[in-house]
Structures are given as structure tokens and as C-alpha cells.
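Structure at a glance
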Amino acid sequence: MFGSARGSVRDVVFVDGVRTPFGKAKGVYAETRADDLIVRVIRELLRRNPSLPPERVDEVAIAATTQIGDQGLTIGRIAGVLAGLPESVPGYAVDRMCAGAVTAVTTTASSIAVGAYDVAVAGGVEHMGRHPMGEGADLNPRFVAERLVDPSALVMGSTAENVHDRYPAITRARADAYALASQEKVAKAYANGQIQPDLVPMAARHADSGWELVTADEPPRPATTLAGLAGLRTPFRPHGRVTAGNSAGINDGATGCLLAAAEVAAELGLPAKMTLVGYGFAGVAPEVMGVGPIPSTEKALARTGLTIDDIGLFELNEAFAVQVLAFLDHFGIADDDPRVNRYGGAIALGHPLASSGVRLMTQLARQFAEHPEVRYGMTAMCVGLGMGATTVWENPHHDAATTATS
């Protein structure tokens, strides 16, 4: 019987989250194994939380979109063993494309809520330089032959162009302006030391030059200008609107977090940086996968009894500027609303597919600590093949702030 009584549900807290600095495909991690990236993350989570006995970890769930080579073979189990967790700690792999790490979090959190686990490690890794999206896949030809999906659904940049078609008010100029703001916010967050505390330095090998210690994200382009963005080509459609400048790149990196039942975290002296309120996943037409976060957010809000006005901080994955702007337009939020992506987003930082969801959560957790006046926050992202993923979190610092001012 799960929990203290049949039917009981426990609160689940986000204890801690870290990530490697993200790299460009064929960049700083070109000669680094994918499994070594996620192993480094798990070891850092344990190092940062010494009051957690490793044997108290009940599960390791690690996501990868392309589960092949050094990010295949049930990578959750492989990574747990390599990270030094006791052999009694099981692990598994997750795949929901871009929302892999989100799914690792929601699945293990649900198991914690019903009492099957007390503590879990959840995260994701993607080495897109070594394993391009779709490598080794054998898509059933009926997908296209029977017109189950539009052929453009299989090219993520083309789906972004399709979203532009659906939302004509989202012009290329507007997408470029949003992209520039993302670059500027990342540069400001780095200058303020808001991103670095949750980065784990990663040793990267290079055959020609030896080893280096990677301590910062490789993709950001702080010298970006609107004029420079306007001059970029549109590779997915002649005279299109989607460019390398207003899209996330092709990246390598790993993320991970510790989740625990609230009472177990208290027992072990672990911090509670966020409390899970609820989540939602939804499907949409694959050829406009960028609109996926709209119905997933509506579902998450409906099931938690909240409205969009209750959300004080948003972490939205910037796979493409247009899909973030479509979300903002739908919910009546301004492009430059200060609640949205305060540290910038994937257009600047990068988007190593299955790992990105926990980056959003880690950044939200740090913002919660900075903003005790905010009670609820949200992470949301679009997902390849036509899905959206949304998680809603509560700020545990909020009650203290309210009490102090009352």
C-alpha cells in the first residue's frame, strides 16, 4: 500500500538542480561522451547535498531523444552506476523528445507522490553533435504516405515557419527583436552571477590541445544586433522568417535534479526550492508543434485550479522565437513582460533537446529565491511531433514573505 494510507498523496519538492554548461554541436564537447556529461551532473547533485545518503535515492530517470551509442542502453541505469550510486539504485531511460527531462521529472514525482519512492534523480542529456536528432530512426512510411501528418512536421524549422503562417502578427522583425532580448538577458544574468551557481564545471578532452575546464555556456552571442539578425538567411523557406538567430541552436549538454517527498526532504535536511503543484501534456498537429505549450498550459491550469494571472514567473523554452510569441499572444502577455525568461532562454543558451526541461526548472527555482513575493511559477515547452509540456510550481519562500509583511 502506497503512502501512509490508501489514497494519500504526498507533496513533492524540487530539492536542487544543476547542469553542465551547454556546448555547440561539434564544439567544446565534440570529443566528450554523452554519458560522461550526465554522470558529472549526478555526482554534483550528490556533492552539493551531502546530507542525502546515496542509498536513499530510489530511482534515476534520465532522458535522451536519440537513444543510441553513448546515450543509449537504459542511460538512467548506466549513469547511476558510473556516478557511484549503490548498485541497489535502479534507473531507466525516457524519451519525449524535447520534453524528455520534463517527463522524467513528472513521472518520478508522481511516483514519489503516491509513496513508491522517497527520493529520485531526474534529468536529461543530449549530445547532438555526436547523435543528430533522428539518427538511426526508421519512421513508418505511413506517416507521410497516408497523410497522417504533413511532411513539414518532420523538419522542426519548417514547423516554426508554419506557426508564423498561423500567426501573421508574429513577423520576422518581431521574432528577431525577441531573439535579441534573449541574448541581452543572458548576458545580464551572467554579469549578475545568476546562472553560474547551478553550472557544474565539465572537463572536456581535445585530441589536439588536451583538456580544458568548461565553466560557461558556449552558445551565447552577446554581440548580437538587430541588423545582424536581419541579415541572416532563412534556410527552411525562401523569404521565410525562421533563422539561426531567432532559433535555438544544435547543442550538447546535460541537466539533472533531485526530487523528494516534502517530509523526507525535511527529515534529511534537504532544501525545498520548489513544490510541484501540477503538470499537463497535450498533443497538437505535428506540423505546428510550436503551439503545443498553449493547450498543455491550459490543461495544467485547469487541473490545478489556477489561472494564467496566478503565474508570477514563466520559464518558456525558446526552441524558436515564434513559438514563444504565439504562447504570449494567446495568453495576452507582452513580448517584454518581466515575468518571462528573466535570465534569457534557449535562443542564447542552447537547447540540447531532452535535457532542456530541467534547465527551465533550475532557473525558475533560483528566481523563486530572488522573488518571495511570487507564489506560482511555470515552465513550458513545445515538443517535436506535436506536443506541449507544462509544469506548475509553488514558491516555498512565499509564505515567509507574506508573514513578514503582514
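What counts and how
- Residues numbered from 1 in each chain as written.
- Predicted model: local features only at pLDDT ≥ 70, side-chain atom pairs only at ≥ 80, totals over all residues.
- Heavy atoms only, no water.
- Helix = DSSP H or I, 4+ residues; strand = E, 2+ residues; numbered from the N terminus.
- Rg over C-alpha atoms; globule rule 2.2 N^0.38 Å.
- Buried < 20%, exposed > 50% of the residue type's maximum accessible area, 1.4 Å probe, protein only.
- Contact = heavy atoms within 4.5 Å.
- Pairing = 2+ DSSP bridges.
- Phe/Tyr/Trp six-rings, centres within 6.5 Å; stacked < 30°, edge-to-face > 60°.
- Core = buried A, V, L, I, M, F, W, Y, C linked by side-chain atoms within 4.5 Å.
- 1 Å grid on protein atoms, 1.4 Å probe; cavity = no way out; pocket = protein on both sides within 12 Å on 5 of 7 lines; lining within 4 Å.
- Points joined across faces, edges and corners; volume = space filled by probe spheres on them.
- Nonpolar A, V, L, I, M, F, W, Y, C, P; charged D, E, K, R; others polar.

Quick word on the overall build of the protein
Counting secondary structure elements, the protein contains 13 helices and twelve strands. Here the C-alpha atoms of the protein give a radius of gyration of 20 Å, agreeing with the 22 Å that 2.2 N^0.38 yields for 406 residues. With the C-alpha coordinates aligned to their principal axes, the bounding extent of the protein is approximately 60 × 55 × 50 Å. The buried share of the protein, reckoned over its 406 residues, is 57%. Looking at the protein alone, contacts between residues at least 24 apart form 80% of all its contacts between residues at least 6 apart.

Here we look at the pairing of strand β8 (residues 251-261)
Within β8, eleven of the eleven residues are buried, which leaves the element mostly enclosed by the surrounding structure. Bridge analysis of strand β1 (residues 12-19) against β8 gives seven bridges, and the strand direction is antiparallel. Looking across to β8, one finds that F14 is bridged to L259. The sheet contact formed by strand β2 (residues 23-24) and β8 spans two bridges and is antiparallel. Residue pairing across strands places K24 opposite N251, the latter belonging to β8.

Looking at helix α10 (residues 321-330)
The buried fraction of α10 is high, at eight of ten residues. The set of residues buried in α10 consists of A321, V322, Q323, V324, L325, A326, F327 and L328. Where α10 is buried, its residues contact α5 (156-166), α6 (172-191), α9 (293-304), β10 (311-316), α11 (346-349) and β11 (376-383). Just downstream of α10 lies G332, where phi reads positive at about 70 degrees.

Topic: the packing of aromatic side chains
Within this structure, the stated rule accounts for four aromatic pairs. Taking the centre distance of 5.8 Å and the plane angle of 80 degrees together, the rings of F14 and W393 count as edge-to-face. Linking F14 in strand β1 with W393 in strand β12 (residues 387-394), this pair joins segments that are 379 residues apart in sequence. Overall, W393 belongs to the buried group, its relative accessible area being 0%.

Things to note about the nonpolar core
Membership of the largest hydrophobic core comes to 75 residues, with the highest contact counts inside it found for I38, I42, V125, L259 and W393. A per-element tally of this core places helix α1 (residues 34-48) first, with eight residues. Counting 40 residues, the second-largest nonpolar core is a separate cluster that includes A175, V291, A300 and L306.

Looking at the pairing of β10
Here β10 lies mainly inside the structure; six of its six residues are buried. Pairing analysis gives five bridges linking β10 to β11, with the strands arranged parallel. Residue pairing across strands places F314 opposite M378, the latter belonging to β11.

Quick look at the layout of surface pockets
Of the volumes computed, that of the largest pocket is approximately 680 Å³. Lining the largest pocket are 31 residues, with M128, A248, G249, I250 and F320 positioned closest to its centre. Going through the elements one at a time, α5 and α11 are the ones with two or more residues in the lining of the largest pocket. Here the lining of the largest pocket takes three residues from α11, the largest share from any one element. Partitioning the lining of the largest pocket into residue classes produces 21 nonpolar, seven polar and three charged. Each pocket or cavity is described by its volume, and for the second largest pocket that value is around 350 Å³. Forming the walls of the second largest pocket are 14 residues, and the residues nearest its centre are M97, M133, G134, A137 and L385.

Bear in mind that shape data such as this cannot, by itself, settle questions of function.
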